[in-house]
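A closer look at the structure
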Number of protein chains: 2
Amino acid sequence: MRLIFTTRGRMALKQISSNKCFGGLQKVFEHDSIELNCKMKFAIYLPPKAETGKCPALYWLSGLTCTEQNFISKSGYHQAASEHGLVIIAPDTSPRGCNIKGEDESWDFGTGAGFYVDATEDPWKTNYRMYSYVMKELPQLINTSFPVDPQKMSIFGHSMGGHGALICALKNPGKYKSVSAFAPICNPVLCPWGKKAFSGYLGTDQNKWKAVVYFIVGIRRPCRITKSQDLGLVGLYRSSPFHSLKMKKAYDATHLVKSYPGSQLDILIDQGKDDQFLSDGQLLPDNFIAACTEKKIPVVFRLQEGYDHSYYFIATFITDHIRHHAKYLNA
Amino acid sequence: MRLIFTTRGRMALKQISSNKCFGGLQKVFEHDSIELNCKMKFAIYLPPKAETGKCPALYWLSGLTCTEQNFISKSGYHQAASEHGLVIIAPDTSPRGCNIKGEDESWDFGTGAGFYVDATEDPWKTNYRMYSYVMKELPQLINTSFPVDPQKMSIFGHSMGGHGALICALKNPGKYKSVSAFAPICNPVLCPWGKKAFSGYLGTDQNKWKAVVYFIVGIRRPCRITKSQDLGLVGLYRSSPFHSLKMKKAYDATHLVKSYPGSQLDILIDQGKDDQFLSDGQLLPDNFIAACTEKKIPVVFRLQEGYDHSYYFIATFITDHIRHHAKYLNA
């Protein structure tokens with residue numbers, strides 16, 4: 001089934017639910033995704049301010065096993081979003097119901113575990129294109145269907161979604177005004193969750209997981225610069241007011257930071273000190289911080305005593321994160 | 001299986017989970033309930049203040065189909081509880097796993113729908129004693145096991161749990177410092193949910209659903225005054241500093257208000273104007289307000305434009321309710 005365009009040129013959106021919350025509306029919609037070749041649900045909160053004008057858009061990416069429901073029902077974010085006048089969008093975490101063999105066998109691979117990459121391997125590559133979905137298709141749909149300012153968007157997320165938020169921001173300098181994360185998977189090429197997901201979606205050649213290919217945007221055709229070419233070119237285009245650089249392929253935040261060519265990025269990360277996945281070596285924030293320090297990229301990393309990986313941790317600090325984004329989005 | 005007492009004289013509690021949230025701890029415990037003859041779970045939030053001293057206790061009663069999880073994961077109450085230093089207890093809504101024929105047949109009767117009454121009818125009367133559980137057994141357990149001040153307790157709830165909170169407060173004048181409710185079932189003897197539940201748990205004689213029997217507490221043996229006796233006695237004991245009155249049997253808030261003998265009670269009710277169960281005639285707040293007005297019992301009733309019956313409605317106003325209770329509990 002393909003997308004249906006309405007008479008007003010919008011992609012067809014089916015409203016699943018609408019609930020008033022803190023003066024605004026928490027809605028859930030379903031649509032046919034081109035990137036993912038399946039029906040997808042996403043949640044969107046429209047603050048009271050959206051009744052009378054365009055608002056900035058803040059995207060939330062959830063963690064393993066989640067749907068669009070977890071964040072909207074458990075994080076307690078509505079009051080801050082209402083007060084700061086932010087539209088907040090929370091997509092599902094993977095394609096669903098694609099009838100791919102093995103899609104429901106693991107809780108950390110396949111359904112509910114899209115890992116925000118564009119799969120290159122069979123049988124996943126037809127549907128599992130969550131990177132392009134959250135970075136391109138979904139914002140286009142939101143920008144044309146809701147009262148949002150397309151120039152003002154930011155991104156944040158939790159765990160696998162924290163990884164997703166970091167790579168979206170790092171691969172697209174300037175696209176997002178700010179980024180933050182709760183307990184993100186910071187260095188997936190070195191942790192069990194990441195190795196499993198990347199092997200399945202991207203193949204077993206680990207160089208492909210972290211190889212950075214620069215794309216220059218702003219010339220007639222986007223042009224690729226590989227590491228084998230003169231990296232001086234990167235510096236040239238980085239300082240050009242007429243061009244921008246995108247980094248493709250790599251999906252590891254720590255490796256992306258090492259090659260980050262971009263404009264200023266203010267990163268906020270909260271991490272529970274008693275998070276079992278921190279001690280299990282799934283998150284590896286130290287590697288990310290070391291890379292940021294080396295590249296002089298400012299990152300505020302708060303290790304929160306006694307907190308774990310749950311939504312109780314997220315709820316405690318969600319207002320801080322929304323304030324962090326509002327500082328840039330409402331500037 | 002009976003209750004096991006530990007060496008410190010406490011009933012055995014099994015901790016199911018513990019998560020730090022807003023500086024305090026959100027915990028869930030399981031125990032063997034004497035009243036209900038089954039294992040029961042309850043949630044308890046211990047604010048930071050509970051680390052160093054006793055705090056007031058605020059009981060939350062949930063609605064149909066809920067467990068102890070709904071309120072603690074969806075209402076966003078933790079910040080206000082943390083700031084006001086309140087211990088908040090949220091029990092499950094019914095006995096579970098009692099193997100009573102038909103207990104799982106309806107979503108609005110049996111499991112998840114205890115209705116906060118003490119059943120008198122077979123096969124329910126052995127287990128379905130939620131009124132005594134939430135009003136007596138659970139507070140006793142909480143008072144002996146956690147740092148709470150037994151003299152300072154209040155109660156609130158949602159829908160079926162709003163009904164539960166109102167009847168607990170109205171049947172036990174002076175026991176609860178304050179009461180509030182979200183979209184409570186105010187007059188169950190006249191609504192489909194209430195008629196179904198009361199018929200099943202209390203039998204089909206509707207007089208039993210609303211008959212008020214006063215008990216005088218404070219004399220050698222609690223003494224019963226029925227309506228057939230001189231109601232002047234009620235007035236006598238009501239004004240006595242040495243006695244208090246309890247109202248037994250009746251489980252309908254509107255009828256209880258009409259006979260309320262008690263001390264001052266400040267009631268706060270929030271009701272969504274777009275609540276489908278309001279238009280379906282399940283909640284009937286007008287009847288309750290009329291009875292309060294007639295009896296000059298102060299009730300703040302806020303009809304909230306655009307809000308429905310969901311936790312998005314509760315989350316929006318939960319801080320107001322906790323502030324309402326804190327005013328009395330921290331006085």
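This section reports on the structure supplied with the text. Each chain carries its own residue numbering, running from 1 in the written order of its sequence. Labels are handed out in written order, letters beginning with A for the chains and numbers beginning with 1 for the ligands. Only residues with pLDDT of at least 70 are given local features in this predicted model, and only at 80 or more are side-chain atom pairs given and counted; all residues enter the totals for whole chains, interfaces and linings. The side-chain values count all of the structure's non-hydrogen atoms but skip hydrogen atoms and water molecules.

Take the overall build of chain A next. What chain A contains, in helices and strands, is eleven helices and twelve strands. Three labels apply to residues, based on accessible area from a 1.4 Å probe with only protein chains included: buried if under 20% of the type maximum, exposed if over 50%, partly exposed otherwise in between. Here chain A holds 331 residues, and the buried ones make up 57% of them. Contacts are assigned to residue pairs that have any heavy atoms within 4.5 Å of one another. Restricting to contacts in chain A with at least 6 residues of sequence separation, those with at least 24 account for 72%. A total accessible area of about 13400 Å² is found for chain A, and carbon and sulfur atoms account for 51% of it. In this description a helix means any DSSP run of H or I spanning at least four residues, a strand means any run of E spanning at least two, and both kinds are numbered starting from the N terminus. Computed by Shrake-Rupley with a 1.4 Å probe, the accessible areas treat only the displayed protein chains as cover when residues are assessed.

On to the sheet that holds strand β6 (residues 148–158) of chain B. Residues and elements named next belong to chain B. The strand order across the open sheet built from nine strands is β1-β2-β3-β5-β4-β6-β7-β11-β12, with neighbouring strands paired in mixed fashion. Lying at the two open borders of the sheet, with one neighbouring strand each, are β1 (14–21) and β12 (299–304). Ignoring which end each strand starts from, the neighbouring axes of this sheet average 20° apart. What makes two strands pair is DSSP finding at least two bridges between them. Both β6 and strand β7 (residues 179–182) contribute to a ladder of four bridges, which runs parallel. Each axis is a line fitted through C-alpha atoms, taken for helices only over the stretch in contact, and angles between the N-to-C directions span 0 to 180 degrees.

On to the interface of chain B and chain A, then. The partner chain A presents 21 residues to the 21 residues of chain B that form the contact. Between chain B and chain A lies a buried interface of about 1700 Å² when both sides are counted; carbon and sulfur atoms form 53% of it. The buried area of a pairing is the accessible area, by a 1.4 Å probe, that goes missing from both parts when the two are put together, added over both. Looking only at chain B, the three residues that lose the most surface to chain A are K20, F22 and Y312 of chain B, adding up to 40% of its buried area. Definition used for salt bridges: Asp or Glu carboxyl oxygen within 4 Å of a side-chain nitrogen of Lys or Arg. Our count for the chain B to chain A interface comes out at zero salt bridges. Mapped onto the side of chain B that touches chain A, the elements with two or more residues apiece are β1, α1 (69–74) and α11 (311–329) of chain B.

Turning to the relation of the copies chain B and chain A, a few remarks are in order. Overlay of chain B on chain A (RMSD 0.0 Å): rotation 180°, translation along the axis 0.0 Å. Accordingly, the operation relating the two chain copies is best matched by a two-fold axis. The fraction of interface residues of chain B whose copies in chain A are also interface residues reaches 100%, indicating that both copies meet through the same surface. When the copies are superposed, the least-squares fit draws on C-alpha atoms of residues that have pLDDT of at least 70 in both.

Let's shift gears to the sheet that holds strand β3 (residues 38–46) of chain A. All names here are of chain A. Here we have nine strands laid out as an open sheet, ordered β1-β2-β3-β5-β4-β6-β7-β11-β12, and mixed in their pairing. Pairing within the sheet leaves two strands with one partner each, and these edge strands are β1 (14–21) and β12 (299–304). Mean inter-strand twist for the sheet, computed between neighbouring axes without regard to direction, equals 20°. Sheet topology places strand β4 (residues 55–61) next to strand β5 (residues 87–91); three bridges connect them, and they run parallel. Residue pairing across strands places A57 opposite V87, the latter belonging to β5. Running over the sheet, helix α4 (residues 160–171) touches β4, β6 (148–158), β7 (179–182) and β11 (267–272) and is turned about 140° from β6.

Residue and element names in this part refer to chain B. Following the sequence through the fold, W60 ends up in strand β4 (residues 55–61). Through-space distance from the C-alpha of W60 to that of Y251 is 18 Å; in sequence the pair is 191 residues apart. Setting aside anything within four residues of it in sequence, one finds W60 in contact with F71, I89, A90, P91, F156, G157, H158, F182, Y311, I314 and I318. The term polar contact refers here to a pair of N or O atoms within 3.5 Å; inside protein, the definition further demands a hydrogen-donor-capable atom paired with an acceptor-capable atom, and it admits residues adjacent in sequence only when both atoms are side-chain atoms. Engagement of the side chain of W60 in a polar contact is seen with the side chain of S62, the distance being 2.9 Å.

What follows is about the pattern of salt bridges. Residues and elements named next belong to chain A. Counting across every chain of the model gives 22 salt bridges over all chains. Between E35 and R129 there is a salt bridge, with its nearest N and O atoms 2.8 Å apart. On the criterion of sequence distance, the pair formed by E35 in the loop between β2 (24–33) and β3 and R129 in the loop between β5 and α3 (130–145) is long-range, its members being 94 residues apart. Judged by its relative accessible area of 15%, E35 is buried. Since its relative accessible area comes to 25%, R129 is described here as partly exposed.

This brings us to the side chain of D108 of chain B. Residues and elements named next belong to chain B. Note that D108 resides in the loop between β5 (87–91) and α3 (130–145). With a relative accessible area of 10%, D108 lands in the buried category. D108 has contacts with L64, A113, W193 and K196, leaving out every residue within four places of it along the chain.

To continue, consider the nonpolar core. Think of a nonpolar core as a cluster: buried Ala, Val, Leu, Ile, Met, Phe, Trp, Tyr and Cys residues, connected wherever their side-chain atoms sit within 4.5 Å. Within the largest apolar cluster, 102 residues are counted, with the highest numbers of intra-cluster contacts made by F42, F71, Y201 and F288 of chain B. Judged by nonpolar contacts, the second largest core, of 101 residues, contains M160, A183, I318 and I322 of chain A.

All names here are of chain A. In terms of burial, β2 is a largely internal element, nine of the ten residues being buried. Bridge count for β1 against β2 is seven bridges, and the pairing is antiparallel. For K20, the partnering residue across the bridge sits in β2 and is L25. Following β1, the chain reverses through two residues before pairing antiparallel with β2; F22 in that reversal takes a positive phi of roughly 50°.

Attention shifts here to α3 of chain B. Residues and elements named next belong to chain B. Across the chain, bend at a residue is computed as the angle between axes fitted to the seven residues ending at that point and the seven starting from it. For α3, the principal kink sits at L138 and spans about 35°; a proline, P139, occurs within the next four residues. For α3, a buried count of twelve out of 16 residues is recorded, marking the element as mostly surrounded by other parts of the structure. For α3, the secondary structure elements touched by its buried residues are β2 (24–33), β3 (38–46), β4, β5, β6 and α4 (160–171).

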